[in-house]
Amino acid sequence: MECTVNWTGALGTRSGMGFVAETGSGHTLVMDGAPDAAKPENGGQNLAPRPMETLLAGAGGCTAYDVVLILKRGRHHVLGCSVKLEAERAEVDPKVFTKINMHFTVSGKGVPAAAVERAIAMSHDKYCSASVMLGKTADISTSFEVVEI
């Protein structure tokens, strides 16, 4: 796996702290820094997600992928899955994530709560590389609800 991240600020773009990531699979991801009122030249323009937001989103995508795949392999009729992540960060540098809550909403027909709970646990404990890595610095908690459609 590889990725190249290029700073776009020197190109005269709107944001002095913009970045474009080019992934090994051929996709691009735009990121920007938060505005800095004290030193605008050191801040972004809030034109795209911040790098740490993309990290959190990646963890959400990784675990949601696992949950859906595990439920589908269990032959459950899953019609939707979302995960809302809320994170807290350390007050001082490096401002790592210290707490993350992942709340899953799984919708479908006859999907047992026990199967969803098991899928989340399997993702969290074994399959989701992002969650396992972030779990080295953050206390990760999970919750879920099942919506019958």
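All of the points below concern the structure found in this document. (Residues numbered from 1 in each chain as written. Predicted model: local features only at pLDDT ≥ 70, side-chain atom pairs only at ≥ 80, totals over all residues. Heavy atoms only, no water.)

So, the sheet that holds strand S6 (residues 139-148)
Turning to step 1, where the next piece is worked out: A sheet is described by the order of its strands in space; here 3 strands give the open sequence S4-S5-S6, paired in mixed fashion. At either end of the open sheet lies a strand with only one pairing partner, and these are strand S4 (77-89) and S6. Neighbour-to-neighbour, the strand axes of this sheet turn through a mean angle of 15°, independent of strand direction.
Turning to step 2, where the next piece is worked out: Taken strand by strand, helix H2 (residues 113-127) contacts strand S5 (97-109) and S6, and its axis lies near 150° from that of S6. (Pairing = 2+ DSSP bridges. Helix = DSSP H or I, 4+ residues; strand = E, 2+ residues; numbered from the N terminus. Axes fitted to C-alpha atoms, helices over the stretch in contact; angles between N-to-C directions. Contact = heavy atoms within 4.5 Å.)

Comments concerning the pattern of salt bridges
Any two side chains of opposite charge can pair, on the condition that their charged atoms come close.
Turning to step 1, where the next piece is worked out: If you walk through the whole model with that rule in mind, you get 1 salt bridge.
Turning to step 2, where the next piece is worked out: Ionic pairing is found between glutamate 86 and lysine 84, a salt bridge with its closest N-O pair at 3.6 Å.
Turning to step 3, where the next piece is worked out: Overall, the relative accessible area of 47% leaves glutamate 86 in the partly exposed class. (Salt bridge = Lys/Arg side-chain N within 4 Å of Asp/Glu carboxyl O. Buried < 20%, exposed > 50% of the residue type's maximum accessible area, 1.4 Å probe, protein only.)

What about the environment of lysine 95?
Turning to step 1, where the next piece is worked out: Tracing the backbone through its elements, the reader meets lysine 95 in the loop between S4 and S5.
Turning to step 2, where the next piece is worked out: Separated by 43 residues in sequence, lysine 95 and methionine 52 have C-alpha atoms that sit 9.6 Å apart.
Turning to step 3, where the next piece is worked out: For lysine 95, the residues in contact, after removing those within four places along its chain, are Met52, Arg89 and Ala90.

A look at the layout of surface pockets
Turning to step 1, where the next piece is worked out: Empty space within the largest pocket amounts to approximately 280 Å³.
Turning to step 2, where the next piece is worked out: If you tally residues by element for the lining of the largest pocket, the top one is helix H1 (residues 51-73), at 6 residues.
Turning to step 3, where the next piece is worked out: The residue makeup of the lining of the largest pocket, split by class, is 7 nonpolar, 3 polar and no charged. (1 Å grid on protein atoms, 1.4 Å probe; cavity = no way out; pocket = protein on both sides within 12 Å on 5 of 7 lines; lining within 4 Å. Points joined across faces, edges and corners; volume = space filled by probe spheres on them. Nonpolar A, V, L, I, M, F, W, Y, C, P; charged D, E, K, R; others polar.)

Considering a nonpolar patch on the surface
Turning to step 1, where the next piece is worked out: A surface patch of nonpolar side chains, amounting to about 260 Å² of accessible area, comprises Leu79, Val147 and Ile149.
Turning to step 2, where the next piece is worked out: You can see isoleucine 149 is positioned in the segment after S6. (Patch = residues over 30% accessible without salt bridge, like charges linked within 9 Å, V, L, I, M, F, W, Y side chains within 5 Å. Areas by Shrake-Rupley, 256 points an atom, 1.4 Å probe, with all protein chains shown as cover.)

So, the nonpolar core
Turning to step 1, where the next piece is worked out: Residues Val67, Leu71, Leu85, Ile100, Met102 and Val106 are the most contacted members of the largest nonpolar core, which totals 24 residues.
Turning to step 2, where the next piece is worked out: When residues in this core are grouped by element, the largest group, 6 residues, is from H1. (Core = buried A, V, L, I, M, F, W, Y, C linked by side-chain atoms within 4.5 Å.)

Topic: the sheet that holds strand S2 (residues 18-23)
Turning to step 1, where the next piece is worked out: With antiparallel pairing, the 3 strands of this open sheet are ordered in space as S1-S2-S3. Here the strands that pair on one side only, and so sit at the sheet edges, are strand S1 (3-7) and strand S3 (28-32). Going across the sheet, the axis of each strand differs from the next one's by a mean of 20°, ignoring polarity.
Turning to step 2, where the next piece is worked out: Bridge count for S2 against S3 is 5 bridges, and the pairing is antiparallel. Bridging from a neighbouring strand, alanine 21 pairs with leucine 29 of S3.

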